[in-house]
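Each chain, written out:
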Number of protein chains: 2
Amino acid sequence: MLAKRNCIIRLSRYKSVLYRLRDLGFVRVFSDNLGDAIGVTASQVRKDFSVFGITGNRKGGYEVSHLIDRLNGILGKNRVEKVIIVGAGHLAYALMHYGGFEKEGIKIEAAFDIDPSKYNREAPVPVLPVEEMKEFVSSRNIKVCVLAVPEVAAQRAADGIFAAGIKGILNFTSMMLKAPDDCSVNNVNLEVELENLIYFVNLLGQEKKKGALPSP
Amino acid sequence: MLAKRNCIIRLSRYKSVLYRLRDLGFVRVFSDNLGDAIGVTASQVRKDFSVFGITGNRKGGYEVSHLIDRLNGILGKNRVEKVIIVGAGHLAYALMHYGGFEKEGIKIEAAFDIDPSKYNREAPVPVLPVEEMKEFVSSRNIKVCVLAVPEVAAQRAADGIFAAGIKGILNFTSMMLKAPDDCSVNNVNLEVELENLIYFVNLLGQEKKKGALPSP
DNA sequence: TAGATTGTTAATCGATTAACAATC
DNA sequence: TAGATTGTTAATCGATTAACAATC
């Protein structure tokens, strides 16, 4: 399952490019173009499509709108996906005010916190006490959650989230969460990402100084 | 180079676990334990260490403090890494107020924006006009930048950032940036991450209903 | 038709894992 | 010593790429 993660991420990226192409008035696109746009080979593009039974037109390439529909179908974007946030800190605030989710059919329904000073039932995205999470989630059949609490509270919060019936967590904490078998966790760790970037920046800097590539 | 990305990310995760172990008073650790902690095999752990010449003690495992030092050395964490943010929106605000960077030796020096109403030279992390970025970056020898501007401004902003001498961008926009050969871009795309999570949640949901795994 | 692009198979490549001798 | 764990090599696995027949 992890195996396919990269493939699914590529599908998302193809889709993102296709939306832009459609806005520009493009009707057809070739595997070559799509590969260039997201930085993979044309073979990779055709292979990815082939895996999911997406076919184009020998000679004519792929039809942009049709491709978007197919990708949305595969990615389950045919309906609005409801999401909650646990932990109403700065990051949650940024996510609640981020405009990019709506166009992707992602709706943030509420945020939850343990701090009463954060509660706000009147806001466009209400901030509610965690005690209300389970009822909120089950009555609305919500399956996905963003976890943005302090590190020390992460696993305990996750346990409560899974107990409430959530099946997938987008985890912004630096804890590697333990999760039930039928649940998914995707980790987004800003320290790790920055650390990684710093490593490669330093590496490229050293290569430059040495004037040669490091041994493989 | 992309090839090694996953390996370097594992090193960051090992390090994160090791800090916690050290806080708990652990002195030694086995490849088995580390593998369990971040969800990889013991072989993978030893292989990762072997690649970078990290050795332990046959029988005695690895010494926690020594391992932390070695990993910090490899990841370039022996000195504080200075970082700027371009785009002073909600996400930048969250990053500026995030406490997790300091302990990782990452210091956010300033944020830059084109909107005068955002400027604030007195804040702990000042918000400055983009016109001052180039001078700021070169005088302080800053190499890494977080990009958090609206999508439409992304490539143009990136061009300016690279022109200012930055070598690595952590890109929060959904544009795939074009970058010079000697520069790195790491993408963190929240829509893509959520979309990915939703895909796997739906997939697991369907498996459950069918009571069987889908064909491979 | 001739030319160009897909769809798919086979070849390649690289990363992960297993196995085991070395050794503490 | 006997037992356990490393370090490393070889085997496996999976993902990417190249190639090319099918075909629009």
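Structure: above.
Peer 1: Help me understand the sheet that holds strand β3 (residues 81–86) of chain B in this model?
Peer 2: What holds strands together in a sheet is hydrogen bonding between their backbones, with the strands either parallel or antiparallel. Residue and element names in this part refer to chain B. Across the sheet, which stays open at both edges, the 6 strands sit in the order β5-β4-β3-β6-β7-β8 with parallel pairing between neighbours. Each edge of the open sheet is held by one strand with a lone partner, namely β5 (127–129) and β8 (184–187). Averaged over all pairs of adjacent strands, the angle between their axes in this sheet comes to 25°, without regard to strand direction. Alignment of strand β7 (residues 168–171) against β8, held across 4 bridges, turns out to be parallel. Bridging across to β8, Leu170 finds its partner in Asn186.

Peer 1: Honestly, the interface of chain A and chain B in this entry has me stumped. Any pointers?
Peer 2: Quoted interface sizes are often the accessible area lost when the parts come together. At the interface, 65 residues of chain A touch 65 residues of chain B. Summed over both partners, the interface of chain A with chain B comes to about 6,100 Å²; 66% of that surface belongs to carbon and sulfur atoms. In this structure, the connection of chain A to chain B is made through 10 salt bridges. A salt bridge links B:Glu193 to A:Arg5, with the shortest nitrogen-to-oxygen separation between them at 3.2 Å. In this assembly, chain A and chain B are joined by 20 residue pairs in polar contact (both at pLDDT 80 or more). No other element matches helix α8 (residues 190–210) of chain A, which puts 15 residues into the side of chain A that touches chain B. A per-class count over the side of chain A that touches chain B returns 34 nonpolar, 13 polar and 18 charged.

Peer 1: Can you walk me through the environment of A:Ser117 in this structure?
Peer 2: Tracing the backbone through its elements, the reader meets A:Ser117 in the loop between β4 (106–113) and β5 (127–129). When the C-alpha atoms of A:Ser117 and A:Ala179 are compared, they prove to be 30 Å apart, with 62 residues separating the residues in sequence.

Peer 1: When you look at helix α3 (residues 42–51) of chain A in this model, what are you seeing that I'm missing?
Peer 2: Side chains three or four residues apart in an α-helix point the same way, a direct result of the helix having 3.6 residues per turn. Residues and elements named next belong to chain A. What α3 keeps buried is the set Ala42, Val45, Asp48 and Phe49. Each buried residue of α3 lies within a common arc of 130° when the element is viewed along its axis, so the set occupies one face. Looking one or two places after α3, you find Gly53, whose phi comes out positive at around 70°.

Peer 1: Explanation requested: the relation of the copies chain A and chain B in the structure shown.
Peer 2: Superposing chain A onto chain B takes a rotation of 180° plus a shift of 0.0 Å along the axis, which leaves an RMSD of 0.0 Å. Accordingly, the operation relating the two chain copies is best matched by a two-fold axis. Take the interface residues of chain A: 100% of them recur as interface residues in chain B, which is what a same-surface contact looks like.

Peer 1: Just to check I follow, could you spell out the pattern of salt bridges for this structure?
Peer 2: Side chains that differ in sign of charge can pair as their charged atoms come close. Residue and element names in this part refer to chain B. As enumerated under the stated definition, the model contains 28 salt bridges over all chains in all. Between Arg121 and Glu132 there is a salt bridge, with its nearest N and O atoms 2.5 Å apart. Here Arg121 is found in the loop between β4 (106–113) and β5, whereas its partner Glu132 is found in the loop between β5 and α6 (133–140), with 11 residues between them in sequence. Given the relative accessible area of 48%, Arg121 is considered partly exposed. Residue class for Glu132 comes out partly exposed when judged on its relative accessible area of 28%.

Definitions and cut-offs
- Throughout this document, residue positions are counted from 1 along each chain, in the order its sequence is written.
- Whichever chain is written first is A, and whichever ligand is written first is 1; the rest continue in order.
- Owing to the predicted nature of the model, reporting of local features is limited to residues with pLDDT of at least 70; listing and counting of side-chain atom pairs is limited to 80 or more, with chain, interface and lining totals taken over all residues.
- Side-chain descriptors were evaluated using all non-hydrogen atoms of the structure, hydrogens and water having been removed beforehand.
- Strands are labelled as partners when DSSP assigns at least two bridges between them.
- Only DSSP runs of H or I reaching four residues or more are called helices, and only runs of E reaching two or more are called strands; each is numbered from the N terminus.
- To obtain each axis, a line is fitted to C-alpha atoms, and for helices this fit is confined to the stretch in contact; angles are then taken between N-to-C directions over 0 to 180 degrees.
- Two residues qualify as a contact provided that any one of their heavy atoms is within 4.5 Å of a heavy atom in the partner residue.
- Simply put, the buried area is the total loss of 1.4 Å probe accessible area from both parts when two parts are fitted together.
- Just to be clear on terms, a salt bridge is a Lys or Arg side-chain nitrogen sitting within 4 Å of an Asp or Glu carboxyl oxygen.
- Whenever two N or O atoms come within 3.5 Å, that pair is a polar contact, provided that in protein one can donate a hydrogen and the other can accept it, and provided that, for residues adjacent in sequence, both atoms are side-chain atoms.
- Just so you know the grouping, Ala, Val, Leu, Ile, Met, Phe, Trp, Tyr, Cys and Pro go in nonpolar, Asp, Glu, Lys and Arg go in charged, and all remaining residues, Gly too, go in polar.
- We call a residue buried when its accessible area falls under 20% of the maximum for its residue type, exposed when it is over 50%, and partly exposed in between, using a 1.4 Å probe and counting protein chains only.
- The directions from the helix axis to the C-beta atoms are what the arc is built from.
- We superpose the copies by least squares over the C-alpha atoms of residues that have a pLDDT of at least 70 in both of them.

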